[in-house]
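Residue-level structural notes
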Amino acid sequence: MRIFGGSGFACEAIVPRGSVSARDPNALETLARQLGPGPFSLIMLFVSPAGDLEHLPGEAVRVFGDIPIVGCTTAGEISDAGYNEDSIVAIALPAEYFRVETLTIPDLMRLDPPALAAALVRTRTAMAQRYPELAHEFAILLVDGLSQKEDELTSALAAGMGATPMLGGSAGDGTRFAQTFVLEGHRVKENAAVLALVRTECPIRVFNFDHLVPTEKRMVVTEADPGHRIVRQINAEPAAREYARLVDMDPEQLSTFTFAAHPVAVRMGMRHHVRAIRQVMENGDLVFFSAIDEGVVLTITEPGDMVGQLNRELTRLSLPERPTAILAFDCILRRLEAEEKQIAGRVSELLRRHGVVGFCTYGEQFGPMHVNQTMTGVAIYPPGTVLPEKVP
């Protein structure tokens, strides 16, 4: 089916996408047929850990040749069918509408923020000079989701981004939390990140939202290991036990579903940003998905209406006209909550209806921040679309 925007462009031709079982031995060939002949400035691949990662780079070279490729492993995929599992999702940016430069960060343990920011400024400036007719720009960041370096990396990159919006996701490994990989060029790497700088004639909207409601319950981190995102004490009590008390749970029953149902957040300005708990250790320490430190005041939040909030936000993105594509990075904790509450089918239907594609993450990148339990992404509109300064 060809969906036409108000400007007369065939939406599927502007941002082709496809999906296939990760276990298909000819997965990339199938995706190449779904994406069409191109030419493309970039192909993104979001790959289930069930995929054949060992042979993926070689297959990518064989099937896609010298087309730039970025991607990562996932904690679940989002395809044209909505929520998906054990699949590979592909999204292509055609050269007719997009120009892309990629920047690889090969070793997150040896970040050089000044050099990184300088390289980013040079690349952005060169692209602006080379493609002055492409008025819109954004950046997509994919990073090893177990590196624990997302906060440091986003802060370093923000120094060189200027007014260019940056968004992205942390690679996942289902619910195993064992290994996460980033795909850059024709290599699959751990402890790495890749940034795709995009210029386009397509208007865009970058978004970040959640459905969480702050409560009056607050707690203070009184002992922590920030380097490993571990909290040992809350309110001068063992961390897991005190958290469990505040959410009226048995400490022995804490699980990923508990953390999804009772997220903790830190207030910045007028908004609360989740500092999601990843797991409880045998000794009662809590491991977080994002930066944490002693003295931080955390607020217990409660999930609101996920389906209603998602519907409102996606509907807003369709004003004044439907995007040609919505690329989204959706936290694994949102998906786990939807499954626990048996609303995953309704969420999936909304994603399908609005043409959302992407993957479930171990965290989201939004501007200079690494955040959790949000949906973050970019809506891409047909060329010529006039977007209001403020979304209704």
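Preceding block: the structure.
Attention here is on the structure that accompanies the text. Computed from a prediction, not measured in an experiment: that's the story for all the values here.

1. With respect to the overall build of the protein
If you tally the helices and strands in the protein, you get 10 helices and 26 strands. In terms of C-alpha radius of gyration, the protein reaches 20 Å, essentially the compact-globule figure of 21 Å for 392 residues. Seen along its three principal axes, the alpha-carbon backbone of the protein occupies a region of about 60 × 45 × 45 Å. Evaluated residue by residue, the protein yields a buried proportion of 57% over its 392 residues. By sequence separation, contacts in the protein at least 24 residues apart represent 81% of the contacts at least 6 residues apart. Computed over 36 positive and 49 negative side-chain charges, the inter-centroid distance for the protein is 5 Å.

2. What to know about empty space enclosed by the protein
The tally for this structure, following the rule as stated, stands at 2 cavities of 30 Å³ or more. Space inside the largest cavity adds up to approximately 50 Å³. Lining the largest cavity are Val 15, Met 44, Ile 91, Leu 93, Phe 138, Ile 140, Ala 325, Leu 327, Val 357, Val 378 and Ile 380. Looking at side-chain class alone, the lining of the largest cavity contains 11 nonpolar, no polar and no charged residues. Computed from the structure, the second largest cavity encloses a volume of approximately 30 Å³. Counting residues per element, the ones that place at least two in the lining of the second largest cavity are strand S3 (69–73) and strand S10 (182–184). Partitioning the lining of the second largest cavity into residue classes produces 8 nonpolar, 1 polar and no charged.

3. Examining the sheet that holds strand S7 (residues 98–105)
Taken in spatial order, the 6 strands line up as S7-S12-S8-S9-S24-S25 in an open sheet, and their pairing is mixed. The sheet is open, and its two edges are formed by S7 and strand S25 (369–371), each paired on a single side. Taken pair by pair, the neighbouring strands of this sheet meet at an average axis angle of 20°, ignoring direction. Here strand S8 (residues 136–143) runs beside strand S9 (residues 166–170); their pairing, made up of 5 bridges, is parallel. Counterpart to Leu 142 in the pairing with S9 is Gly 169. Its contacts with the sheet put helix H4 (residues 113–130) on S7, S8 and strand S12 (193–200), and the angle it makes with S7 is roughly 165°. Each of S7, S8, S9, S12, strand S24 (364–366) and S25 is contacted by helix H5 (residues 150–161), which is oriented at about 160° to S8, the strand it contacts most.

4. With respect to H4
Taking 1.5 Å per residue as the helical rise, H4 with its 18 residues ought to reach 26 Å, and the 26 Å between its terminal C-alpha atoms agrees with that figure. By the burial criterion, the buried members of H4 are Leu 116, Ala 117, Ala 119, Leu 120, Arg 124 and Met 127. What you see down the axis of H4 is that its buried residues fit within an arc of 160°, all on one side. Residues of H4 that are exposed and point more than 90 degrees away from the buried face comprise Pro 114, Arg 122 and Gln 129.

5. Some details on the side chain of Thr 299
Looking at the secondary structure, you find Thr 299 in strand S21 (residues 297–303). A relative accessible area of 3% places Thr 299 in the buried class. In this structure Thr 299 touches Pro 214, Thr 215, Lys 217, Arg 218, Pro 263, Val 264, Ala 265 and His 272, once residues within four positions along its chain are discounted.

6. A look at the sheet that holds S3
A sheet is described by the order of its strands in space; here 6 strands give the open sequence S1-S6-S2-S3-S10-S11, paired in mixed fashion. Each edge of the sheet is formed by a strand with only one pairing partner; in this case those strands are strand S1 (17–21) and strand S11 (187–189). Each strand of the sheet is rotated relative to its neighbour by a mean of 15°, with strand direction disregarded. Each of S1, strand S2 (40–47) and strand S6 (87–94) is contacted by helix H2 (residues 27–35), which is oriented at about 155° to S1, the strand it contacts most.

7. Here's the deal with the pairing of strand S13 (residues 204–209)
Within S13, 5 of the 6 residues are buried, leaving the element largely enclosed by the surrounding structure. As paired strands, S13 and strand S26 (residues 375–380) are joined by 6 bridges and run antiparallel to one another. In the strand pairing of S26, Val 206 is matched with Val 378.

8. Describing the pattern of salt bridges
Counting across every chain of the model gives 25 salt bridges. As a salt-bridge pair, Arg 229 and Glu 150 come within 2.7 Å of each other at their nearest N and O atoms. Of the two residues, Arg 229 sits in the loop between strand S14 (212–225) and strand S15 (230–234) while Glu 150 sits in helix H5, which places them 79 residues apart along the sequence. Look at Glu 150 and you get buried, because its relative accessible area is 1%.

Cut-offs used in this document
- Residues numbered from 1 in each chain as written.
- Predicted model: local features only at pLDDT ≥ 70, side-chain atom pairs only at ≥ 80, totals over all residues.
- Heavy atoms only, no water.
- Helix = DSSP H or I, 4+ residues; strand = E, 2+ residues; numbered from the N terminus.
- Rg over C-alpha atoms; globule rule 2.2 N^0.38 Å.
- Buried < 20%, exposed > 50% of the residue type's maximum accessible area, 1.4 Å probe, protein only.
- Contact = heavy atoms within 4.5 Å.
- Lys, Arg positive; Asp, Glu negative; His and termini not counted.
- Charge placed at Lys NZ, Arg CZ, Asp CG, Glu CD.
- 1 Å grid on protein atoms, 1.4 Å probe; cavity = no way out; pocket = protein on both sides within 12 Å on 5 of 7 lines; lining within 4 Å.
- Points joined across faces, edges and corners; volume = space filled by probe spheres on them.
- Nonpolar A, V, L, I, M, F, W, Y, C, P; charged D, E, K, R; others polar.
- Pairing = 2+ DSSP bridges.
- Axes fitted to C-alpha atoms, helices over the stretch in contact; angles between N-to-C directions.
- Expected span 1.5 Å × (residues − 1).
- Arc of directions from axis to C-beta.
- Salt bridge = Lys/Arg side-chain N within 4 Å of Asp/Glu carboxyl O.

These values are about where atoms sit, not about what they do.
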